[in-house]
Amino acid sequence: KRLESAKKLFKKESAKQAVSDAKYKAMKKKCLTMAWMMNTRKCQAVGRLKGGCKGYQSCWKTATRNYYRNKRAIMKEERNMKIEWRGLKRIQCYLQVIDDKPVKDAKGKKMSNKAVLNSCIKMKRPSTKHLKIYYGRIPKKPKCPRDPWCPCTASYVKNVYTKGPRSRCWKNLRKYRCAACR
């Protein structure tokens, strides 16, 4: 009689254990699926960030190349512009000689054409400071930020899977390698 009751109890407990095992396996499968989905989406986001950043790097290289190419041409134009400015100032001075309007000196006294001509010959080099172009500095090449929450990092796994109701998944998690983390 005791043997029969022990057999019944064993069957009953074994059925409970089978249900418990099935629940565990279902939960494990759910956790692995959830982890795979989260990691895949996060990996895709990290990959997009990395790809976008590489696009900006090539854009930076192109912009730098264009800057230096344009700077050389503009510096040449600037030198020519300064020469033209000095020439223009001398021409304006010589035109005062043949102009009908009388030229006055600093004291307001009328100057003769000969004196005007001599002052043009002895004229100092006109200032071209206002034509000086400041080219600035090119900022350093920006570095692509690396996402600290890449699915293959320990900090991501620890933060995402050990807190809250997903803490049960932590024990069942397989190692996941994201292409963007390599």
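Shown above is the structure to which this text applies.
Scoring rules and cut-offs
Residues numbered from 1 in each chain as written. Predicted model: local features only at pLDDT ≥ 70, side-chain atom pairs only at ≥ 80, totals over all residues. Heavy atoms only, no water. Helix = DSSP H or I, 4+ residues; strand = E, 2+ residues; numbered from the N terminus. Buried < 20%, exposed > 50% of the residue type's maximum accessible area, 1.4 Å probe, protein only. Contact = heavy atoms within 4.5 Å. Areas by Shrake-Rupley, 256 points an atom, 1.4 Å probe, with all protein chains shown as cover. Phe/Tyr/Trp six-rings, centres within 6.5 Å; stacked < 30°, edge-to-face > 60°. Axes fitted to C-alpha atoms, helices over the stretch in contact; angles between N-to-C directions. Parallel < 35°, antiparallel > 145°, perpendicular 65-115°, else oblique. Nonpolar A, V, L, I, M, F, W, Y, C, P; charged D, E, K, R; others polar. Salt bridge = Lys/Arg side-chain N within 4 Å of Asp/Glu carboxyl O. Disulfide = S-S within 2.5 Å.

**Q** Could you give an account of the overall build of the chain, with specific residues and numbers?
**A** Across its full length, the chain carries four helices and two strands. For the chain, the α and β elements follow one another from N to C terminus as α-β-β-α-α-α. Relative to its full complement of 182 residues, the chain shows a buried share of 19%. Partitioning the intrachain contacts of the chain with sequence separation of at least 6 by distance along the chain shows that 75% fall at a separation of at least 24. Put simply, the chain shows about 15,200 Å² of open surface, and 59% of that area lies on carbon and sulfur atoms.

**Q** So, the packing of aromatic side chains: which residues are in play, and what are the values?
**A** What characterises a pair of aromatic rings is the spacing of the ring centres plus the angle enclosed by the ring planes. One pass over the full model with this rule turns up one aromatic pair. Pairing Y67 with Y68 gives two aromatic rings, centres 5.4 Å apart and planes at 75 degrees, and the pair type is edge-to-face. For Y68, a relative accessible area of 42% gives the class partly exposed.

**Q** Any chance you could break down the packing of helix α1 (residues 2–98) against helix α2 (residues 113–121) for me, citing the residues and the numbers?
**A** Packing of α1 against α2 leaves a shortest axis separation of 8 Å and a crossing angle of 170 degrees. Accordingly, the angle class assigned to the pair α1 and α2 is roughly antiparallel. Of the residues in α2, those in contact with R90, C93, Y94, Q96 and V97 of α1 are N113, V116, L117, C120 and I121. Tallied by class, the residues present in the contact of α1 with α2 amount to seven nonpolar, two polar and one charged.

**Q** Summarise the pattern of salt bridges; cite the residues concerned and give the values.
**A** Scanning all chains against the criterion turns up two salt bridges. The shortest N-O distance in the salt bridge between E13 and K16 comes to 3.7 Å. Of this pair, E13 and K16 both sit in helix α1, three residues apart, which is roughly one turn of the helix. By relative accessible area, which is 40% here, E13 ends up partly exposed. One salt bridge connects K82 with E78, and the closest N-O pair in it is separated by 3.7 Å.

**Q** Quick rundown of the state of the cysteines? Include the residues and the values.
**A** One pass over the structure, following the stated rule, counts one disulfide. The disulfide bridge from C93 ends at C120, spanning 1.8 Å between sulfur atoms. Judged by the sign of its S-S torsion, about -95 degrees, the bond between C93 and C120 is left-handed. Highlighted residues: C93 in helix α1 and C120 in helix α2, separated in sequence by 27 residues. With a relative accessible area of 1%, C120 lands in the buried category.

**Q** Before we move on, can you summarise the environment of I83 with the specific residues and values?
**A** Structurally, the position occupied by I83 is in helix α1. The sequence separation of I83 and T128 amounts to 45 residues, and the corresponding C-alpha distance is 8.9 Å.

**Q** Can you break down the environment of K110 residue by residue, with the values?
**A** Inspection of the secondary structure assignment puts K110 in strand β2 (residues 110–111). In contact with K110, other than residues within four places in its own chain, are P102, V103 and K104.

**Q** Go over the environment of K61 with me, naming the residues and quoting the values.
**A** Counting through the fold element by element, K61 comes out in helix α1. Between the C-alpha atoms of K61 and K141, which are 80 residues apart in sequence, the distance is 8.5 Å.

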